[in-house]
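What follows is each chain in one-letter form.
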Amino acid sequence: MPLTVLFSASDADWDDYKDILPNALAQVGLDAQVTRSAADPALVDYIVYAPTGGLTDFAPFTRARAVLSLWAGVEKIVGTPSLTQPLVRMSDPEGLTAGMVEWVTGHVLRHHLGIDAHRAAKPGEWVATVPPLAKDRRVCILGLGELGAACAAMLTQLNFQVSGWSRRPKELAGVACFSGADGLGTALRDADIVVLLLPQTPDTENLMNAARLNILPRGAVIVNPGRGPLIDDEALLAALDSGQISHATLDVFRVEPLPADHPFWTHPNVTVTPHIASATRAPSAARRIAKTIERDQAGAPLPGLVDRSAGY
Ligand code: NDP
């Protein structure tokens, strides 16, 4: 009997995956049918999930071996009481990770090179300030998981002084790694540019509050492609106004789309990007999903399994 894969995501996602996903499953030799709605939830083997699909009750899916999230961030689903099936987050080096590395590198280089000052220069303003070399610029990445570690590796290759912070101790080549509450203070104290690539969990919410923003060297830059609630918005605006933070490039927000009257839109030292730092790309993500199901069917451990107690 073919496996039944329920695809619970937006209509736009369905358009992207409706051919690609069955093909990817066939490519790895799986006999599977991908369906947009399940007549009998008890016969579903896997659920491909995004919050935009509207599925909230997982209890009827008694046979489902796993819920496979199309998103890397799982804060919207991880606490769902009826979700007893294993939850797998999206991890896709070819698509999601590659996109994030490009976005983070681009925005770090923009601030490192002082590109904005030249864009703002008036005719005749010949201020020849030579930027430092990357080896003299300190970049700290909060979150050294799939995305943070890949960004750290790229920035290290470019010769930046890279540090990073994670929940558990880590060792990454060329990166000064810190962990735990004490480690955070040390990491922030020496950071010219801070990149937030943490998941949203009860432990990380408002992590960048007034006190922590004040630990940073004066004039530090914040780049946040993680999640909006990682930063206390009011504290950030105050730090921008005082010059403690010289610029914030923000891709994610507490409310998305960011409301038109939010002060971030008009603040001269904030760059708003509309949650485009990276995205799950259907072709490589479909291959990833197919591989995950193939592994599970072969009895191998599920890659990217979410630790519910940690919330990510
Ligand atoms: P991972 O789960 O691979 O990595 C998360 C990292 O955060 C790990 O290093 C983890 O530590 C660390 N961490 C978690 N909690 C804490 C804590 N309390 N204190 C210190 N460190 C902590 O996630 P990804 O790298 O794949 O993704 C990170 C986030 O990026 C996603 O959760 C999502 O919110 C966001 N994202 C944004 C996108 C965008 O387009 N803007 C696209 C994709 C993702 P440890 O290593 O010890 O587990």
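Residues numbered from 1 in each chain as written. Predicted model: local features only at pLDDT ≥ 70, side-chain atom pairs only at ≥ 80, totals over all residues. Heavy atoms only, no water.

An unreviewed UniProt entry annotates the protein as Glyoxylate/hydroxypyruvate reductase A of Meridianimarinicoccus aquatilis.

Novice: Just give me the short version of the site of the ligand, but keep the residues and values in it.
Specialist: Around the ligand lies a shell of 30 residues, among which R89, L144, R168, K170 and Y312 are the nearest. Residue L144 places a main-chain N or O atom 2.9 Å away from an oxygen atom belonging to the ligand. At 2.5 Å, a side-chain N or O of R168 approaches an oxygen atom of the ligand. Compared with its free state, where it exposes 940 Å², the ligand has 94% of that area covered by protein. For the ligand, the cavity whose grid points lie within 2 Å of the majority of its atoms is the largest pocket. Among the secondary structure elements, those contributing two or more residues to the shell around the ligand are helix 3 (93-113), helix 5 (146-157) and strand 7 (161-166). (Near = heavy atom within 4 Å. Polar contact = N/O pair within 3.5 Å; in protein donor to acceptor, adjacent residues only side chain to side chain. Areas by Shrake-Rupley, 256 points an atom, 1.4 Å probe, with all protein chains shown as cover. 1 Å grid on protein atoms, 1.4 Å probe; cavity = no way out; pocket = protein on both sides within 12 Å on 5 of 7 lines; lining within 4 Å. Sits in = over half its atoms within 2 Å of the grid points. Helix = DSSP H or I, 4+ residues; strand = E, 2+ residues; numbered from the N terminus.)

Novice: Would you mind going over the pattern of salt bridges in detail, with residue names and values included?
Specialist: Taken as a whole and judged by the stated rule, the model has 13 salt bridges. A salt bridge links R287 to E94, with the nearest nitrogen and oxygen atoms 2.8 Å apart. Residue R287 is located in helix 10 (residues 282-297), and its partner E94 is located in helix 3; the two are separated by 193 residues in the primary sequence. Residue classification places E94 among the exposed residues on the basis of a relative accessible area of 54%. Taking the shortest distance from any N to any O, the salt bridge between D233 and R254 comes out at 3.7 Å. In this pair, D233 is assigned in helix 8 (residues 233-242) and R254 in the loop between strand 11 (245-250) and helix 9 (263-266), connecting sequence segments 21 residues apart. With a relative accessible area of 38%, R254 lands in the partly exposed category. Within the structure, one salt-bridge network assembled from shared partners comprises R138, D190 and D192. (Salt bridge = Lys/Arg side-chain N within 4 Å of Asp/Glu carboxyl O. Buried < 20%, exposed > 50% of the residue type's maximum accessible area, 1.4 Å probe, protein only.)

Novice: Kindly report on the sheet that holds strand 2 (residues 32-35), identifying the contributing residues and their values.
Specialist: Spatial ordering of the open sheet is given by 2-1-3-4-5, a layout of five strands whose pairing is parallel. The open sheet has two edge strands, strand 2 and strand 5 (87-88), and neither has a second partner. Two elements, strand 4 (residues 66-69) and strand 5, share two bridges in a ladder whose sense is parallel. Directly across from L68, in strand 5, lies its bridge partner V88. Contacts from helix 2 (residues 20-27) reach strand 1 (3-8), strand 2 and strand 3 (46-49) within the one sheet, and its direction differs from that of strand 2 by about 165°. Together, strand 1, strand 3, strand 4 and strand 5 form the strand contacts of helix 10, whose direction differs from that of strand 3 by roughly 155°. (Pairing = 2+ DSSP bridges. Contact = heavy atoms within 4.5 Å. Axes fitted to C-alpha atoms, helices over the stretch in contact; angles between N-to-C directions.)

Novice: Describe the packing of aromatic side chains, and please don't skip the residues or the numbers.
Specialist: Applying the stated criterion to the full structure yields four aromatic pairs. Residues F253 and F264 carry aromatic rings whose centres are separated by 6.3 Å and whose planes lie at 50° to one another, so their mutual orientation is tilted. On the criterion of sequence distance, the pair formed by F253 in the loop between strand 11 and helix 9 and F264 in helix 9 is long-range, its members being eleven residues apart. Residue F253 shares its accessibility class with F264, and that shared class is buried. Chaining the aromatic ring pairs together yields one cluster made of F7, W14 and Y17. (Phe/Tyr/Trp six-rings, centres within 6.5 Å; stacked < 30°, edge-to-face > 60°.)

Novice: Help me get a handle on helix 5, residues and values and all.
Specialist: In a regular helix each residue adds 1.5 Å, so twelve residues correspond to 16 Å; helix 5 covers 17 Å between its end C-alpha atoms and thus fits that length. Here helix 5 has its buried residues at L147, G148, C151, A152 and L155. Angularly, the buried residues of helix 5 cover 130° about the axis, an arc narrow enough to put them on a single face. Summarising the contacts, the buried residues of helix 5 are in contact with helix 3, strand 6 (138-142), strand 7 and strand 8 (175-179). Downstream of helix 5 by a residue or two, N159 has a phi angle that is positive, lying close to 85°. (Expected span 1.5 Å × (residues − 1). Arc of directions from axis to C-beta.)

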